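As a plain string of letters, each chain reads:
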Amino acid sequence: MSDTAYHRPRSRIQKRKQAKRKGKAGKVRRLVKFICIILVLSLAGFAAIIATGQLMIDESEIKNLQYPDSTNSTQEYVMIDDMPDYVWEAFIAIEDHRYMSHVGVDPIGFSRAMWENVKAWDFAEGGSTITMQLSRNLFLTQDKTIVRKLKEMVIALNMELEYSKEELLGMYLNSIYFGHGTFGIEQASNFYFGKTVRSDNPNKDTINLSEAAMLAGLLKAPEYYSPNKYPEKAKQRQDIVLFRMNELGMISEDEMKAAVDEDL
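From a predicted model like this one, the values you see are computed outputs, not experimental measurements.

Engineer: Please explain the overall build of the protein chain as it appears in this structure.
Structural biologist: Each helix and strand counted, the protein chain has eleven helices and two strands in total. Moving toward the C terminus, one meets the helices and strands of the protein chain in the order α-α-α-α-α-α-α-β-β-α-α-α-α. The long-range share in the protein chain, meaning contacts at least 24 apart out of those at least 6 apart in sequence, stands at 60%. Only carbon and sulfur atoms are counted for the fraction: they give 56% of the accessible area of the protein chain, which is about 15,700 Å².

Engineer: What is the right way to look at the pattern of salt bridges in this model?
Structural biologist: Side chains bearing opposite charge may pair, as long as their charged atoms lie close to each other. Applying the stated rule across the entire model yields ten salt bridges. In this structure, the salt-bridge partner of Asp82 is Arg198, at a minimum N-O distance of 3.5 Å. Separated by 116 residues along the polypeptide, Asp82 in the loop between helix 2 (59–66) and helix 3 (85–95) and Arg198 in the loop between helix 8 (185–193) and helix 9 (209–218) bring together distant segments of the chain. Judged by its relative accessible area of 25%, Asp82 falls in the partly exposed class. Residues joined by salt bridges that share partners form a network here, namely Arg136, Arg148, Lys149 and Glu152.

Engineer: Could you clarify how one ought to interpret the nonpolar core in this entry?
Structural biologist: Counting residues in hydrophobic clusters, the biggest one holds 52 residues, and the most contacted among them are Phe91, Met159, Leu173, Phe178 and Leu215. If near-sequence neighbours (up to four positions away) are discounted, Met159 is found in contact with Ile57, Ile62, Thr131, Leu134, Ser135, Leu138, Phe139, Leu168 and Met171.

Engineer: Honestly, unusual backbone geometry in this entry has me stumped. Any pointers?
Structural biologist: Phi at His180 is positive, roughly 55°, even though this residue is not glycine. Checked against the element boundaries, His180 lands in the loop between strand 1 (177–179) and strand 2 (182–183). Taking the relative accessible area as the measure of exposure, His180 reaches 29% and is therefore partly exposed.

Engineer: It is not clear to me how the packing of helix 3 against helix 7 (residues 165–173) should be interpreted in this structure. Could you clarify?
Structural biologist: Packed helix pairs are specified by the crossing angle of their axes together with the interaxial distance, meaning the distance between the axes. Where helix 3 contacts helix 7, the two axes come as close as 11 Å, and the packing angle between them is 90°. Judged by the inter-axis angle, helix 3 sits roughly perpendicular to helix 7. Contacts from Trp88, Phe91, Ile92 and Glu95 in helix 3 reach Leu169, Tyr172 and Leu173 in helix 7. Here the contact of helix 3 with helix 7 is composed, by residue class, of six nonpolar, no polar and one charged.

Engineer: How should I be thinking about the side chain of Lys195 in this particular structure?
Structural biologist: Residue placement: Lys195 occurs in the loop between helix 8 and helix 9. When near neighbours in sequence (up to four residues on either side) are disregarded, Lys195 contacts Glu186, Ser189, Asn190, Lys204, Asp205, Thr206, Ile207, Asn208 and Glu211.

Engineer: Could you clarify how one ought to interpret the packing of aromatic side chains in this entry?
Structural biologist: Aromatic rings in a pair are described by how distant their centres are and how their planes are angled relative to each other. Going through the model one piece at a time under the given rule, you end up with six aromatic pairs. Ring centres of Tyr177 and Phe183 lie 4.9 Å apart, and the angle between their planes is 45°; on these two criteria the pair is classed as tilted. Among the aromatic residues, ring-to-ring pairing joins Phe191, Tyr192 and Phe193 into one connected group. Over the ring of Tyr99 we find Lys165; its NZ or CZ atom is 4.3 Å from the centre of that ring. Residue placement shows Lys233 over the ring face of Tyr230; its charged tip is 4.5 Å from the ring centre.

Engineer: I tried to follow the environment of Gln238 on my own but got confused; where do I start?
Structural biologist: In this structure, Gln238 sits in helix 10 (residues 231–247). When its relative accessible area of 0% is taken as the criterion, Gln238 is described as buried. Sequence separation between Gln238 and Ala213 is 25 residues; the distance between their C-alpha atoms is 5.3 Å. Beyond its immediate chain neighbours, meaning those up to four positions away, Gln238 contacts Ser210, Glu211, Ala213, Met214, Ala259 and Leu264.

Engineer: What exactly am I supposed to notice about the packing of helix 5 (residues 130–139) against helix 7 here?
Structural biologist: Closest axis-to-axis distance for the helix 5/helix 7 pair is 9 Å, and the angle between their directions is 50°. The angle between helix 5 and helix 7 places the two elements in the oblique class. With respect to the hand of their crossing, helix 5 and helix 7 are arranged in left-handed fashion. Only Leu168, Leu169, Met171 and Tyr172 of helix 7 make contact with helix 5, whose side of the interface consists of Ile130, Thr131, Gln133 and Leu134. Along the lines of polarity and charge, the residues of the contact of helix 5 with helix 7 split into six nonpolar, two polar and no charged.

Engineer: For this particular structure, what's the right way to read a negative patch on the surface?
Structural biologist: A grouping of Asp58, Glu59, Glu61 and Glu162 is seen on the molecular surface, where their side chains present a negatively charged patch. Its location among the elements puts Glu162 in helix 6 (residues 146–162). Here Glu162 falls in the partly exposed class, since its relative accessible area comes to 47%.

Conventions we followed
- Numbers given to residues run from 1 along each chain, matching the order in which its sequence is written.
- Given that this is a predicted model, residues contribute local features only at a pLDDT of at least 70 and side-chain atom pairs are listed and counted only at 80 or more, while totals for whole chains, interfaces and linings are drawn from all residues.
- The basis for every side-chain value is the complete set of heavy atoms in the structure, and neither hydrogens nor water enter the calculation.
- Numbering of helices and strands runs from the N terminus, with a helix taken as a DSSP run of H or I at least four residues long and a strand as a DSSP run of E at least two residues long.
- In this description, contact between two residues means that some pair of their heavy atoms is separated by no more than 4.5 Å.
- Each accessible area value is a Shrake-Rupley result obtained with a 1.4 Å probe; residue values ignore everything except the protein chains displayed when judging cover.
- In what follows, salt bridge is the name for a side-chain nitrogen of Lys or Arg lying within 4 Å of a carboxyl oxygen of Asp or Glu.
- Think of it in three bands: residues with accessible area under 20% of the maximum for their type are buried, residues over 50% are exposed, and the middle band is partly exposed, with areas taken using a 1.4 Å probe on protein chains only.
- By nonpolar core is meant a set of buried Ala, Val, Leu, Ile, Met, Phe, Trp, Tyr and Cys residues that side-chain atoms within 4.5 Å join together.
- Working convention: axes come from line fits to C-alpha atoms, limited for helices to the stretch in contact. Angles between N-to-C directions cover 0 to 180 degrees.
- Throughout this description, any angle smaller than 35 degrees is read as roughly parallel, any larger than 145 degrees as roughly antiparallel, any in the 65 to 115 degree range as roughly perpendicular, and the remainder as oblique.
- Gly counts as polar in this scheme, as do all residues outside two lists: the nonpolar Ala, Val, Leu, Ile, Met, Phe, Trp, Tyr, Cys and Pro, and the charged Asp, Glu, Lys and Arg.
- Ring geometry is summarised as follows: Phe, Tyr and Trp rings, the Trp one being its six-membered ring, pair when their centres sit within 6.5 Å, and such pairs are stacked at plane angles under 30 degrees, edge-to-face over 60 and tilted between the two.
- For a lysine, the NZ atom is tested; for an arginine, the CZ atom; a charge sits over a ring if that atom is within 6 Å of the ring centre and within 35 degrees of the ring normal.
- Here a crossing is called left-handed whenever its near helix is offset anticlockwise from the far helix by less than a right angle, and right-handed whenever the offset is clockwise.
- In this scheme, patches are assembled from residues that exceed 30% relative accessible area and form no salt bridge. Like charges are connected within 9 Å, while nonpolar side chains (Val, Leu, Ile, Met, Phe, Trp, Tyr) are connected within 5 Å.
- Only four residue types enter the charge count: Lys and Arg as positive, Asp and Glu as negative, with His and the chain ends excluded.
- Positions of charges follow a simple convention, taking NZ of Lys, CZ of Arg, CG of Asp or CD of Glu.

As structure tokens, then:
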């Protein structure tokens, strides 16, 4: 057998190996290009979201909320640091327990809400985070539409970039509706209990854990769960908030039981 005949198969094997290596290298290059394109499109989309959200945010609304005109408003803005922790924890527990970890939109909560809507063939659940609720209350209408929901999400993402979690939570608690024409946690505390939400007010008692849980429970349907109109329903909702706070480790078992048993 000649040397040429002997080396021919080996030459074919080497060519096949080279072809495979080139094929793999080509696949890697295409994958890298695809990833780069996705990143560029994602960055462009994110930039568009930020630009759009900034256009929909009216800074004057935030300023009016944080610094209300005492001559035209009965609302009083109370900072988070001036409240007992159990007050704002009650609202996080029942409204948005992943509030401190998400970026304004909670993919898990939103997906669950959308699945429930599909099953019910209705827009019953919105999956709105606290930041999304704040965005709706300050800048949008209460209409249940997909367009409004998308705007809500875009504004929420922008708000999370502009303000701290504590600032956003403060805006939320000072702007939400508690029923009977009351807006904001301080006004609601005074209306329902004749108390204040401030922990250092020498002239008024501060709402306790049981009362804070009842106020947090109102948000789902303020008039329906009003302790003034439907005390039994309000009590049931309050218990749900307290159980949830205990489940999340915000309060102890003993604190939960004491609050549940307390007469309001």
